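The lines below spell out each chain.
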Amino acid sequence: MGEKVILKSVDIEKIVEEYSHKIYDDISDKSNFAIVGVQTRGVEIAGRLRDSIARISGAPVKMGVLDITFYRDDLATRGMLPSIKETRIDFDIAKMTIILVDDVIFTGRTTKAALETLTAFGRPGIIRLFTLIDRGNRELPIQPDFCGRKIHTTINDTVKVLLRDTDGVDDSVVLVG
């Protein structure tokens, strides 16, 4: 099959703008929410959502960063030492609405680890999940509340999300199969 471009930069911009409105409209307590991005590309997407929601609301939006490395259930089987990245949540998440952001949802295991990592900081009132891409093939009963694009893949396919600030190239999502 080779490589197939699923989303281009303009598509990703439209998704961020559209879902910023949907997410903001879905939040019942607009004064008590935050966005938390999962390392690495979820952080960049979370930052874009935060900036867009701040423009919509006219107020700053809290944002955190999660590294899920130590909560992964496959840590012992990965065969190499993990690269540890920043985790930063400098606000009290208790009783807040948290918008958890990741680039791709696949088996659900990354999201499970992100939930475990996040709840180590406290007990949010509500957690909602935004993913740019849902590629199916779930192993756990975890679904995004907000999803930019759902695509059908096989277990052997790869979905590459490339973002300007993280990867130094134009934004795109590519299916490799």
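Cut-offs and rules
Residues numbered from 1 in each chain as written. Predicted model: local features only at pLDDT ≥ 70, side-chain atom pairs only at ≥ 80, totals over all residues. Heavy atoms only, no water. Phe/Tyr/Trp six-rings, centres within 6.5 Å; stacked < 30°, edge-to-face > 60°. Lys NZ or Arg CZ within 6 Å of the ring centre and 35° of its normal. Pairing = 2+ DSSP bridges. Helix = DSSP H or I, 4+ residues; strand = E, 2+ residues; numbered from the N terminus. Right-handed = clockwise from strand over helix to strand, strands pointing away. Axes fitted to C-alpha atoms, helices over the stretch in contact; angles between N-to-C directions. Contact = heavy atoms within 4.5 Å. Core = buried A, V, L, I, M, F, W, Y, C linked by side-chain atoms within 4.5 Å. Buried < 20%, exposed > 50% of the residue type's maximum accessible area, 1.4 Å probe, protein only. Parallel < 35°, antiparallel > 145°, perpendicular 65-115°, else oblique. Left-handed = near helix turned anticlockwise from the far one by under 90°. Nonpolar A, V, L, I, M, F, W, Y, C, P; charged D, E, K, R; others polar. Expected span 1.5 Å × (residues − 1). Arc of directions from axis to C-beta.

> Explain the packing of aromatic side chains residue by residue, including any values.
Enumeration over the complete set of coordinates arrives at two aromatic pairs. Ring plane angle 65 degrees and centroid distance 6.4 Å describe the contact between tyrosine 24 and phenylalanine 33, whose orientation is recorded as edge-to-face. Here the guanidinium or amino end of lysine 22 rests over the ring plane of tyrosine 19, the centre of that ring lying 4.7 Å away. Lying over the aromatic face of tyrosine 24, lysine 30 brings its terminal NZ or CZ to 4.6 Å of the ring centre.

> Break down the pairing of strand β5 (residues 126-134) for me, with residues and values.
Of the strand pairs in this sheet, strand β4 (residues 97-105) and β5 are connected by eight bridges, and their pairing is parallel. When the sheet's bridge partners are listed, threonine 97 is paired in β5 with isoleucine 126. Handedness of the crossover joining β4 and β5 through helix α3 (residues 109-119): right-handed. Inspection of the sheet shows β5 paired to strand β6 (residues 146-150) by four bridges, in the parallel sense. Note that in β6 the partner of threonine 131 across the bridge is cysteine 147.

> Talk me through the sheet that holds strand β7 (residues 158-162); I want residue IDs and the actual numbers.
Strand order in the open sheet formed by three strands is β1-β8-β7, and the pairing between neighbours is antiparallel. Two strands lie at the open edges of the sheet, namely β1 (3-8) and β7, each paired on one side alone. Each strand axis lies, on average, 20 degrees off the axis of its neighbour in the sheet, ignoring direction. Note: β7 against strand β8 (residues 172-176), five bridges, orientation antiparallel. By the bridge assignment for β8, valine 161 is matched with valine 173.

> Talk me through the sheet that holds β5; I want residue IDs and the actual numbers.
The strand order across the open sheet built from five strands is β3-β2-β4-β5-β6, with neighbouring strands paired in parallel fashion. Both outer strands of the open sheet, β3 (62-66) and β6, are each paired with one neighbouring strand and no more. With direction set aside, neighbouring strand axes in the sheet form an average angle of 20 degrees. Relative to the sheet, helix α1 (residues 9-26) contacts β2 (33-38), β4, β5 and β6, its axis offset from that of β6 by approximately 150 degrees.

> Outline the nonpolar core, supporting the account with residue identities and numerical values.
Ranked by internal contacts, the top residues of the largest apolar core, which has 32 residues, are Ile23, Phe130, Leu132 and Val173. The element contributing the most residues to this core is α1, with six residues. Dropping the residues within four chain positions of it, valine 173 is found in contact with Lys4, Val5, Ile6, Leu7, Ile12, Leu132, Ile133, Val159, Lys160 and Val161.

> Quick one: what's the story with the packing of α1 against helix α2 (residues 41-57), residue by residue and with numbers?
With their axes 9 Å apart at the nearest point, α1 and α2 run at an angle of 55 degrees to one another. Taken as axis vectors, α1 and α2 run oblique relative to one another. Note on packing geometry: the crossing formed by α1 with α2 is right-handed. Across the interface between the two elements, Ile12, Val16, Glu17, Tyr19, Ser20, His21, Ile23 and Tyr24 of α1 pack against Arg48, Leu49, Ser52, Ile53, Arg55, Ile56 and Ser57 of α2. When its residues are assigned to classes, the contact of α1 with α2 shows eight nonpolar, four polar and three charged.

> So what's going on with α1? Which residues, and what values?
Each turn of an α-helix holds 3.6 residues, which means side chains three or four residues apart point in the same direction. Look at α1: 26 Å from first C-alpha to last across 18 residues, which is about the 26 Å you get at 1.5 Å a residue. Turning to α1, its buried residues number three or more, namely Ile12, Ile15, Val16, Tyr19, Ser20, Ile23 and Tyr24. Around the axis of α1, the buried residues are gathered within 145 degrees of arc, so they sit on the same side. Exposed residues on α1 whose side chains face more than 90 degrees from its buried face are Lys14 and Asp25.

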